[in-house]
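Here is what each chain is made of, one letter per residue.
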Amino acid sequence: LVPWRLGFTVEQLRQLQIEDDLIEKAREAVGVHVLHETTEGREVLTIRGTMWQKRQAVRGMLERLFPKEGSLPLLLPTACFPALQAPELWEGLQLLGARLHLPERRDGERFW
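Engineer: Honestly, the pattern of salt bridges in this entry has me stumped. Any pointers?
Structural biologist: Should their charged atoms come close, side chains of opposite charge can pair. Inspection of every chain in the model, using the stated rule, returns five salt bridges. For the salt bridge of R14 with E11, the shortest nitrogen-to-oxygen distance reads 3.6 Å. Of this pair, R14 and E11 are both found in helix α1 (residues 10–17), three residues apart, which corresponds to roughly one turn of the helix. The salt bridge partner of D20 is R64, with a shortest N-O separation of 2.5 Å. Here D20 is found in the loop between α1 and α2 (22–30), whereas its partner R64 is found in helix α3 (residues 51–65), with 44 residues between them in sequence. Among the residues examined, D20 registers a relative accessible area of 31% and is labelled partly exposed.

Next up, the structure:
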């Protein structure tokens, strides 16, 4: 199972933990394993579980942080950059009505 790594600002992470802590709720109600670390100036949550569990856990986070936008910056391993160039990915995103913006690739660093 491939873990999802989500990058947040400190303020965004606080928003997830106010009132009902959505991170703890994801652990308890959905059953995902969530690891919190600070990497390259971002607060990073690594979420492990089945695809359904990860989707359920992240859905509430996205709705709280981006109620109108529905977007989130992702912290990706540098090694995945070539896979993100695949036409199949872009065609799938277009079918879903989703958008993806890739920053310029930076070699040598672990994440971009």
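Let's pick the thread back up.
Engineer: Looking at this model, I keep getting lost on the side chain of E43. Mind explaining?
Structural biologist: Examined against the element boundaries, E43 turns out to sit in strand β3 (residues 42–48). As a buried residue without a salt bridge, E43 has its nearest oppositely charged side chain in R14, at a separation of 8.4 Å. A distance of 3.1 Å separates polar atoms of two side chains, one belonging to E43 and the other to T38. Setting aside anything within four residues of it in sequence, one finds E43 in contact with L6, G7, F8, T9, V10, L13, H36, E37 and T38.

Engineer: I keep staring at α3 and nothing clicks. Help me out?
Structural biologist: Side chains that are three or four residues apart share a direction in an α-helix, a result of its 3.6 residues per turn. Here α3 contains 15 residues, and its C-alpha end-to-end distance of 21 Å stays within 8% of the 21 Å for a straight helix at 1.5 Å per residue. By the burial criterion, the buried members of α3 are Q53, K54, A57, V58, M61 and L65.

Engineer: Which parts of the structure should I look at to understand the sheet that holds β3?
Structural biologist: Strand pairing within a sheet occurs via backbone hydrogen bonds; the two strands may be parallel or antiparallel. With respect to topology, three strands assemble into an open sheet ordered β1-β3-β2, the strand pairing being antiparallel. The open sheet has two edge strands, β1 (4–8) and β2 (33–39), and neither has a second partner. On average, each strand axis in the sheet is inclined to that of its neighbour by 25°, with strand direction left out of account. Direction of pairing for β1 relative to β3: antiparallel, over a ladder of five bridges. Looking at the pairing, W4 lines up with I47 of β3.

Engineer: Is there a simple way to think about the side chain of T46 in this case?
Structural biologist: Here T46 is to be found in strand β3. At 2.9 Å, the side chain of T46 and the side chain of R5 are in polar contact. The contact partners of T46, leaving out residues within four places of it in the chain, are P3, W4, R5, H33, V34, L35 and E37.

Engineer: Teacher, can you tell me more about the nonpolar core here?
Structural biologist: One recurring pattern in soluble globular proteins: nonpolar side chains tend to sit buried together. Residues F8, L16, I23, V32, L45, I47 and M61 are the most contacted members of the largest nonpolar core, which totals 17 residues. Among the elements of the structure, β1, α1, α2, β3 and α3 are those that each provide at least two residues to this core.

Definitions and limits used
- Residues numbered from 1 in each chain as written.
- Predicted model: local features only at pLDDT ≥ 70, side-chain atom pairs only at ≥ 80, totals over all residues.
- Heavy atoms only, no water.
- Salt bridge = Lys/Arg side-chain N within 4 Å of Asp/Glu carboxyl O.
- Helix = DSSP H or I, 4+ residues; strand = E, 2+ residues; numbered from the N terminus.
- Buried < 20%, exposed > 50% of the residue type's maximum accessible area, 1.4 Å probe, protein only.
- Lys, Arg positive; Asp, Glu negative; His and termini not counted.
- Polar contact = N/O pair within 3.5 Å; in protein donor to acceptor, adjacent residues only side chain to side chain.
- Contact = heavy atoms within 4.5 Å.
- Expected span 1.5 Å × (residues − 1).
- Pairing = 2+ DSSP bridges.
- Axes fitted to C-alpha atoms, helices over the stretch in contact; angles between N-to-C directions.
- Core = buried A, V, L, I, M, F, W, Y, C linked by side-chain atoms within 4.5 Å.

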